[in-house]
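What follows is each chain in one-letter form.
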Amino acid sequence: MIARGARRAAMFVLALVLVAAWWEFYKWIGPEDGGSVLGMNILPKTSDRAMPHTWDMVSRLFENESTAADSRPLWVAVVGYAWYTFRLALGGLVLGSIIGVGLAIVMARFRLVERGLLPWIIMSQTVPLIALAPQVVSWSGRFDLFGWEWPRWASVCVLAAFLSFFPIAVGTLRGLNSPPPAALELMDSYAASWWQTLWRLRLPASVSYLIPALKLGATASVIGVIVSEISTGIPGGIGRAVISYGQAATSDPEKLYGAIFGAAALGLVLYGLVVLMEVVVMRDRPQEELT
């Protein structure tokens, strides 16, 4: 397990180096004002304003966020924005997991529900989140649940759950249906109820399917929060930082990439939490299930 983790870490570092090398290579050979292929403008510009050097983007992280006297280093500001978005994304992932697993259990229990509900679950992912976000955020101030007024951040968690629940529901459903018929027949021979079979056979068998689904759900949750922050203008998160930094991209393009780095790191952190959970949950499983 340790060797496999070290190998993955080394591959990740190698991938970062290759991406940086490719960035600099294209900046060196690419057209400064962009270019066209077959009449379509698809070649990115390589000017310093559009594609800063990688070392300039990294060094900008350690400079002040602005020229104000009380300005903090850019990386500190990005960490603060990312921490706010992280909490919303984690809340969206938890909510999406509850909804996804719950729907999977219902669909596994009742085949009629699966045939009727699964197409709608799949179709839900065709709805553009950027169009749905303003509608959900407008719930703020309109709902009062036992004296608790619906805040705007709760709407962002719902939007994150909207993206994350789909892979979790599909993956869990596949896992719940994965036990072989012989194992199900054995449980029937013990006169086990459906719920006993669920807890003792189906759910343990679904873990190896649920973990990859949670990894997809974690990244989808981060995307959902950032898109919601950008499309609705909710302050405090990394999405808002992208908007504010983008307004200064003409004179300070490296600053915008600082927010992009923060968003990428945020997705990796939430993904890493799922990996840690995988290590804990799968540590006693046969080795072949881990490969």
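So, here is what we can say about the structure in this document. (Residues numbered from 1 in each chain as written. Predicted model: local features only at pLDDT ≥ 70, side-chain atom pairs only at ≥ 80, totals over all residues. Heavy atoms only, no water.)

### Points about the pairing of strand 2 (residues 40-43)
Then step 1. Of the strand pairs in this sheet, strand 1 (residues 35-37) and strand 2 are connected by three bridges, and their pairing is antiparallel. Paired with Ser-36 across the two strands is Asn-41, which belongs to strand 2.
Then step 2. In sequence, strand 1 turns back onto strand 2 through a hairpin of two residues, with Leu-38 there showing a positive phi of about 55°. (Pairing = 2+ DSSP bridges. Helix = DSSP H or I, 4+ residues; strand = E, 2+ residues; numbered from the N terminus.)

### As for the pattern of salt bridges
Then step 1. For the structure shown, the criterion picks out six salt bridges.
Then step 2. Here Glu-63 ties to Arg-60 by a salt bridge, and the two come within 3.9 Å at their closest N and O atoms.
Then step 3. With relative accessibility at 41%, the residue Glu-63 sits in the partly exposed group.
Then step 4. For Arg-60, a relative accessible area of 7% puts it in the buried group. (Salt bridge = Lys/Arg side-chain N within 4 Å of Asp/Glu carboxyl O. Buried < 20%, exposed > 50% of the residue type's maximum accessible area, 1.4 Å probe, protein only.)

### Focus: unusual backbone geometry
Then step 1. The phi dihedral of Ala-191 falls on the positive side, at around 60°, and the residue is not glycine.
Then step 2. With respect to the secondary-structure elements, Ala-191 resides in the loop between helix 7 (181-189) and helix 8 (194-232).

### Here's the deal with the packing of helix 5 (residues 129-137) against helix 8
Then step 1. It is at 9 Å that the axes of helix 5 and helix 8 come closest, and there the two elements cross at 70°. In terms of orientation, helix 5 and helix 8 fall into the roughly perpendicular class. Contact residues: helix 5 offers Leu-129, Ile-130, Ala-133, Pro-134 and Val-137, while helix 8 offers Gly-224, Val-227, Ser-228, Ser-231 and Thr-232.
Then step 2. By residue class, the composition of the contact of helix 5 with helix 8 is six nonpolar, four polar and no charged. (Axes fitted to C-alpha atoms, helices over the stretch in contact; angles between N-to-C directions. Parallel < 35°, antiparallel > 145°, perpendicular 65-115°, else oblique. Contact = heavy atoms within 4.5 Å. Nonpolar A, V, L, I, M, F, W, Y, C, P; charged D, E, K, R; others polar.)

### Here's the deal with the environment of Ser-164
Then step 1. Considering the arrangement of structural elements, one finds Ser-164 in helix 6 (residues 152-176).
Then step 2. It is 30 Å that separates the C-alpha atoms of Ser-164 and Val-17, two residues lying 147 residues apart in sequence.
Then step 3. Residues in contact with Ser-164, not counting those within four places in the same chain, are Gly-92, Leu-93, Gly-96, Gly-217, Ala-220 and Ser-221.

### Quick look at the side chain of Asp-252
Then step 1. The topology assignment puts Asp-252 in the loop between helix 9 (238-246) and helix 10 (253-281).
Then step 2. Separated by 2.8 Å, the side chains of Asp-252 and Arg-60 make a polar contact. (Polar contact = N/O pair within 3.5 Å; in protein donor to acceptor, adjacent residues only side chain to side chain.)

### Brief notes about a nonpolar patch on the surface
Then step 1. Residues Leu-90, Val-94, Ile-98, Val-269, Leu-273 and Leu-276 make up a contiguous nonpolar surface patch of roughly 530 Å² in combined accessible area.
Then step 2. Breaking the nonpolar patch down by element, the ones donating at least two residues are helix 3 (74-109) and helix 10.
Then step 3. Looking at the element boundaries, Leu-90 is found in helix 3.
Then step 4. Leu-90 gets classed as partly exposed once you look at its relative accessible area, which sits at 33%. (Patch = residues over 30% accessible without salt bridge, like charges linked within 9 Å, V, L, I, M, F, W, Y side chains within 5 Å. Areas by Shrake-Rupley, 256 points an atom, 1.4 Å probe, with all protein chains shown as cover.)

### Digging into the nonpolar core
Then step 1. Grouped together as the largest cluster of nonpolar side chains are 41 residues, with contacts concentrated most on Ile-238, Tyr-245 and Leu-270.
Then step 2. At the level of secondary structure, the elements contributing two or more residues to this core comprise helix 3, helix 5, helix 6, helix 8, helix 9 and helix 10.
Then step 3. Discounting chain neighbours no more than four positions away, the residues touching Leu-270 are Phe-86, Ala-89, Leu-90, Leu-93, Ala-218 and Val-222.
Then step 4. In terms of nonpolar packing, the next biggest core, distinct from the first, is built from twelve residues, Ala-104, Ile-105, Ile-121 and Leu-173 among them. (Core = buried A, V, L, I, M, F, W, Y, C linked by side-chain atoms within 4.5 Å.)

### Some thoughts on the packing of aromatic side chains
Then step 1. Under the definition given, this model contains six aromatic pairs.
Then step 2. Ring geometry for Trp-23 versus Tyr-257: centroids 5.7 Å apart, planes at 85°, classification edge-to-face. One end of the pair, Trp-23, is in helix 1 (residues 2-29); the other, Tyr-257, is in helix 10, with 234 residues separating them in the sequence.
Then step 3. A relative accessible area of 16% means that Tyr-257 is categorised as buried. (Phe/Tyr/Trp six-rings, centres within 6.5 Å; stacked < 30°, edge-to-face > 60°.)

### Some thoughts on the side chain of Ser-47
Then step 1. Counting through the fold element by element, Ser-47 comes out in the loop between strand 2 and helix 2 (54-60).
Then step 2. With a relative accessible area of 16%, Ser-47 lands in the buried category.

These values are about where atoms sit, not about what they do.
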